[in-house]
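Structural overview
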Amino acid sequence: MAPTHEGQQSQAGRHQEVGHKSLLQSDNLYQYILETSVYPREPEPMKELRELTAKHPWNIMTTSADEGQFLNMLLKLINAKNTMEIGVYTGYSLLATALALPDDGKILAMDINRENYELGLPVIQKAGVAHKIDFKEGPALPVLDQMIDAGKYHGTFDFIFVDADKDNYLNYHKRLIELVKVGGIIGYDNTLWNGSVVAPPDAPLRKYVLYYRDFVLELNRALAADPRIEICQLPVGDGITLCRRIS
Ligand code: SAM
Ligand code: CA
């Protein structure tokens, strides 16, 4: 049945609420994906965490439900067991990961903010997957440096999801390429940066979008030119670039 005019309006409204969570040009199409394929299959704990996060003032940062579904499927497809996440917030992508891993799977999760992680933690605990998570509070870069120095973590990660400070992505990449195993995947999130990667120079962009845009552009160029990886940039959420280490 074709949606009514009123229906179209409210759907557009809902898409606005999720902000840059999808770059699809049609609000109705995005809503169709969510309502047909994502929400009906979303695990109950993820729904609970998504609804809890929606009430938080910084909810623009959360991973969208369709991207959560994608990550969950990807992790299962590659049989991921040992993983890392940089940028947890309230834990939606973390929970999507934890639910995908086997019972003895591991996630090293890092964020400078423990409070937001603890907001979602009860839901993660209730879902019975908290034992897979090793949360470290603080900036990720020094932890990566320690792991590089220790030597024993080289080539040990099946999957690494990077969703934190965009101005550090290239610094992360330098280290993560050593830590991910050959054949493993690093996923860099927000690589289309609210569509701003193609915005004209005089486009009226929000301050934080403008500030990080050059870093995202630089990252995208560097990843495309890096012979150590194969890449695939997907227009899911705000853009995610999958990098498969080949050497
Ligand atoms: N993946 C999360 C989700 O699914 O809800 C969203 C992460 S949010 C976009 C970015 C997070 O990165 C914030 O929680 C922020 O505190 C964290 N962050 C910022 N700088 C960081 C750093 N240097 N090291 C670790 N985490 C950092
Ligand atoms: Ca993100």
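Residues numbered from 1 in each chain as written. Chains lettered and ligands numbered in written order. Predicted model: local features only at pLDDT ≥ 70, side-chain atom pairs only at ≥ 80, totals over all residues. Heavy atoms only, no water.

Under an unreviewed UniProt entry, the name given to the chain is Caffeoyl-CoA O-methyltransferase, and the source organism is Herrania umbratica. Under Cofactor (unreviewed entry), UniProt gives the following word-for-word description of the chain: "a divalent metal cation". The annotation that UniProt attaches to the chain under Catalytic activity (unreviewed entry) is "(E)-caffeoyl-CoA + S-adenosyl-L-methionine = (E)-feruloyl-CoA + S-adenosyl-L-homocysteine + H(+)". (UniProt positions renumbered as here; feature names shortened; annotations may be inferred.)

Observations regarding the overall build of the chain
Secondary structure summary: the chain contains 9 helices and 7 strands in total. Taken over the C-alpha trace, the chain has a radius of gyration of 18 Å; the compact-globule value for 247 residues is 18 Å, and the two agree within 12%. C-alpha extents for the chain along the principal axes are approximately 60 × 45 × 30 Å. Going through the 247 residues of the chain one by one, you find that 46% of them count as buried. Accessible area of the chain: about 12,400 Å², with a carbon and sulfur share of 56%. Both charge centroids of the chain, one from 25 positive and one from 32 negative side chains, sit 4 Å from each other. (Helix = DSSP H or I, 4+ residues; strand = E, 2+ residues; numbered from the N terminus. Rg over C-alpha atoms; globule rule 2.2 N^0.38 Å. Buried < 20%, exposed > 50% of the residue type's maximum accessible area, 1.4 Å probe, protein only. Areas by Shrake-Rupley, 256 points an atom, 1.4 Å probe, with all protein chains shown as cover. Lys, Arg positive; Asp, Glu negative; His and termini not counted. Charge placed at Lys NZ, Arg CZ, Asp CG, Glu CD.)

Points about a nonpolar patch on the surface
A cluster of nonpolar side chains, namely Leu24, Leu29, Tyr32 and Ile33, defines an oily patch on the protein surface of about 360 Å² accessible area. Position of Tyr32 relative to the elements: it lies in helix α2 (residues 27-38). Tyr32 sits in the exposed class, given a relative accessible area of 54%. (Patch = residues over 30% accessible without salt bridge, like charges linked within 9 Å, V, L, I, M, F, W, Y side chains within 5 Å. Salt bridge = Lys/Arg side-chain N within 4 Å of Asp/Glu carboxyl O.)

Some points on the pattern of salt bridges
Under the criterion given, the structure shown has 12 salt bridges. The partner of Lys81 in a salt bridge is Asp104, with the nearest N and O atoms 2.9 Å apart. With Lys81 in the loop between α4 (65-77) and β1 (82-86) and Asp104 in the loop between α5 (92-100) and β2 (106-111), the pair connects residues that are 23 residues apart, well separated along the chain. Exposure remark for Asp104: the relative accessible area of 45% places this residue in the partly exposed category. For Lys136, the salt bridge identified is with Asp134, shortest N-O distance 3.8 Å. With relative accessibility at 37%, the residue Asp134 sits in the partly exposed group. Among the charged side chains, a salt-bridge network with shared partners connects Arg114, Glu118 and Glu137.

A short note on the sheet that holds strand β6 (residues 229-234)
Pairing within the open sheet is mixed, and its 7 strands lie in the order β3-β2-β1-β4-β5-β7-β6. One side of each edge strand has no neighbouring strand; the edge strands of this open sheet are β3 (133-137) and β6. Ignoring strand direction, the axes of neighbouring strands in this sheet form an average angle of 15 degrees. Sheet topology places strand β5 (residues 180-189) next to strand β7 (residues 240-245); 5 bridges connect them, and they run antiparallel. Counterpart to Tyr188 in the pairing with β7 is Thr241. (Pairing = 2+ DSSP bridges. Axes fitted to C-alpha atoms, helices over the stretch in contact; angles between N-to-C directions.)

Section: the domain arrangement of the chain
For the chain, the assigned domains read domain 1 (1-41) and domain 2 (44-245). For domain 1 versus domain 2, the separation of C-alpha centres amounts to 25 Å. Taken together, the contact between domain 1 and domain 2 spans 11 residues of the former and 16 residues of the latter. Carbon and sulfur atoms make up 57% of the area that domain 1 and domain 2 hide from each other, which totals about 1,100 Å². On the surface where domain 1 and domain 2 come into contact, there are 2 residue pairs in polar contact (both at pLDDT 80 or more). (Domains from an automatic or database assignment. Contact = heavy atoms within 4.5 Å. Buried area = accessible area lost by both parts, 1.4 Å probe. Polar contact = N/O pair within 3.5 Å; in protein donor to acceptor, adjacent residues only side chain to side chain.)

Considerations on the site of ligand 1
Near ligand 1 lie 19 residues; those nearest to it are Thr63, Gly87, Ser93, Asp111 and Asp163. The separation between an oxygen atom of ligand 1 and a polar main-chain atom of Tyr89 is 3.4 Å. Residue Ala140 places a main-chain N or O atom 3.1 Å away from a nitrogen atom belonging to ligand 1. Under a 2 Å grid-point criterion requiring more than half of the atoms, the pocket assigned to ligand 1 is the largest pocket. Within the residue set of the shell around ligand 1, elements represented by two or more residues are α5 and β2. Residues that form the shell around ligand 1 fall into these classes: 10 nonpolar, 5 polar and 4 charged. (Near = heavy atom within 4 Å. 1 Å grid on protein atoms, 1.4 Å probe; cavity = no way out; pocket = protein on both sides within 12 Å on 5 of 7 lines; lining within 4 Å. Sits in = over half its atoms within 2 Å of the grid points. Nonpolar A, V, L, I, M, F, W, Y, C, P; charged D, E, K, R; others polar.)

Focus: the state of the cysteines
Throughout the structure, instances matching the rule amount to 0 disulfides. Of all cysteine sulfurs, the one in Cys243 lies closest to Cys232, which takes part in no disulfide; the gap is 9.8 Å. Cys232 gets classed as partly exposed once you look at its relative accessible area, which sits at 37%. Overall, the relative accessible area of 1% leaves Cys243 in the buried class. (Disulfide = S-S within 2.5 Å.)

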